[in-house]
Amino acid sequence: MKQLQVFVVLLACALPGAEAAVYKCEKDGVTTFSQTPCGQDAQTTDYTTVGQQRENKPTVVVKKDPNEVDLYIQQRQLKRKIQQLTKKKEDKIAERNKEMNAIRDKQMTVKNNEVAGASYLQSLAQEMAAVVQAYDTEIKSIDGEILQLQQQLDKTQP
């Protein structure tokens, strides 16, 4: 996204007679440029074509290290993947709880009727154990993925 913003600014500067208002903001210590206000601290910066200097207005040149941009993109991707996996984990926990509640409802029905035998209650207990084991395995797998991604993200931090 940042590369696109820089490209838009450069494209606007390269067009003959082109002039555009570009908003400059700083978020988390990173300077960003946008065609629309990018925050409450947005400052308007006018860009003009090369060779057309405005009076009393310095030319703004921002140079970013490509490695810094790549690192930022990598961090964003890792954070996004961690968020997705965290959501997936929460969904799995909700599914597990829903299935467990359905089995508990069956148990209560059997206990209230007292007609069903102990073998049916035992089969429901086994079903609950299987549900817990299946979901716990998936949840632990997701936790492992999140941990690996978090470790990668921590390595990218200064």
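**So, the overall build of the protein chain**
Then, in step 1: Each helix and strand counted, the protein chain has three helices and three strands in total.
Then, in step 2: Each helix and strand of the protein chain, ordered N terminal to C terminal, gives the series α-β-β-β-α-α.
Then, in step 3: For the protein chain, the residues scored as buried account for 23% of the 158 residues in total.
Then, in step 4: Intrachain contacts of the protein chain at a sequence separation of at least 6 include 57% that bridge at least 24 residues.

**Quick look at the pattern of salt bridges**
Then, in step 1: Using the criterion set out here, one finds four salt bridges in the structure.
Then, in step 2: One salt bridge connects E138 with K92, and the closest N-O pair in it is separated by 3.0 Å. Of this pair, E138 sits in helix α3 (residues 118-156) while K92 sits in helix α2 (residues 66-113), placing them 46 residues apart in sequence.

**Some points on the side chain of T156**
Then, in step 1: Mapped onto the secondary structure, T156 falls in helix α3.
Then, in step 2: With a relative accessible area of 11%, T156 lands in the buried category.
Then, in step 3: Sequence-distant contacts of T156, that is, excluding residues within four places in its chain, are made with L71, Q74 and Q75.

**Quick look at the nonpolar core**
Then, in step 1: M100, I103, V110, L124, M128, V131, Y135 and I139 together form the largest nonpolar core, which totals eight residues.
Then, in step 2: For this core, the element with the most residues is α3, which contributes five residues.
Then, in step 3: Ignoring any residue separated from it by four or fewer positions in sequence, one finds V131 in contact with R96, E99, M100 and I103.
Then, in step 4: Counting seven residues, the second largest nonpolar core, distinct from the first, contains L85, I142, L149 and L153.

**Focus on the side chain of Q75**
Then, in step 1: Here Q75 is to be found in helix α2.
Then, in step 2: Residue contacts for Q75: discarding those within four places in its chain leaves L153, T156 and Q157.

**A closer look at the confidence of the model for the protein chain**
Then, in step 1: For the protein chain, per-residue confidence averages 76 on the pLDDT scale, and residues scoring 70 or more make up 70% of the total.
Then, in step 2: Looking across the protein chain, the model is least confident in helix α1 (residues 2-14), with a mean pLDDT of 48, and most confident in α3, with 88.
Then, in step 3: With pLDDT under 50 throughout, residues 6-12 is counted as low confidence; its partners more than four residues away or in other chains account for six contacts.
Then, in step 4: In this model residues 14-18 is a low-confidence stretch, pLDDT under 50, and it forms seven contacts with partners more than four residues away in sequence or in other chains.

Definitions and limits used
Residues numbered from 1 in each chain as written. Predicted model: local features only at pLDDT ≥ 70, side-chain atom pairs only at ≥ 80, totals over all residues. Heavy atoms only, no water. Helix = DSSP H or I, 4+ residues; strand = E, 2+ residues; numbered from the N terminus. Buried < 20%, exposed > 50% of the residue type's maximum accessible area, 1.4 Å probe, protein only. Contact = heavy atoms within 4.5 Å. Salt bridge = Lys/Arg side-chain N within 4 Å of Asp/Glu carboxyl O. Core = buried A, V, L, I, M, F, W, Y, C linked by side-chain atoms within 4.5 Å. pLDDT = per-residue confidence, 0-100.

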